[in-house]
Amino acid sequence: MTMTTAEADKILADSLAPWVLDPGLSVQAVAADRALLRLPWSERPAREGGAL
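Section: the overall build of the chain
Link 1 in the chain: Secondary structure assignment for the chain yields two helices and two strands.
Link 2 in the chain: Traced from its N-terminal end to its C-terminal end, the chain shows the element sequence α-α-β-β.
Link 3 in the chain: Here the C-alpha coordinates of the chain stretch approximately 45 × 20 × 15 Å along the principal axes.
Link 4 in the chain: Going through the 52 residues of the chain one by one, you find that 10% of them count as buried.
Link 5 in the chain: The contacts in the chain between residues at least 6 apart in sequence include a share of 17% that link residues at least 24 apart.
Link 6 in the chain: One finds the centroid of the 5 positive side-chain charges in the chain at a distance of 1 Å from the centroid of its 7 negative side-chain charges.

As structure tokens, this is what we get:
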């Protein structure tokens, strides 16, 4: 049985430092052998030239 995205988000919240989650990192999909996470574009973590 695969976990839900809400369960995976909870694992992230419990395991990662708040500054890692601050930019909006979230779980979009979970499968038996992979997970798809999303980090929305933001000026804050961007580097010169717009690279994230």
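Structure's up, so let's keep going.
What to know about the environment of Glu43
Link 1 in the chain: Within the secondary structure layout, Glu43 lies in the segment after β2 (35-38).
Link 2 in the chain: Judged by its relative accessible area of 67%, Glu43 falls in the exposed class.
Link 3 in the chain: Taking the C-alpha atoms as reference points, Glu43 and Ala29, 14 residues apart in sequence, are found 25 Å from one another.

Criteria and thresholds
- Residues numbered from 1 in each chain as written.
- Predicted model: local features only at pLDDT ≥ 70, side-chain atom pairs only at ≥ 80, totals over all residues.
- Heavy atoms only, no water.
- Helix = DSSP H or I, 4+ residues; strand = E, 2+ residues; numbered from the N terminus.
- Buried < 20%, exposed > 50% of the residue type's maximum accessible area, 1.4 Å probe, protein only.
- Contact = heavy atoms within 4.5 Å.
- Lys, Arg positive; Asp, Glu negative; His and termini not counted.
- Charge placed at Lys NZ, Arg CZ, Asp CG, Glu CD.

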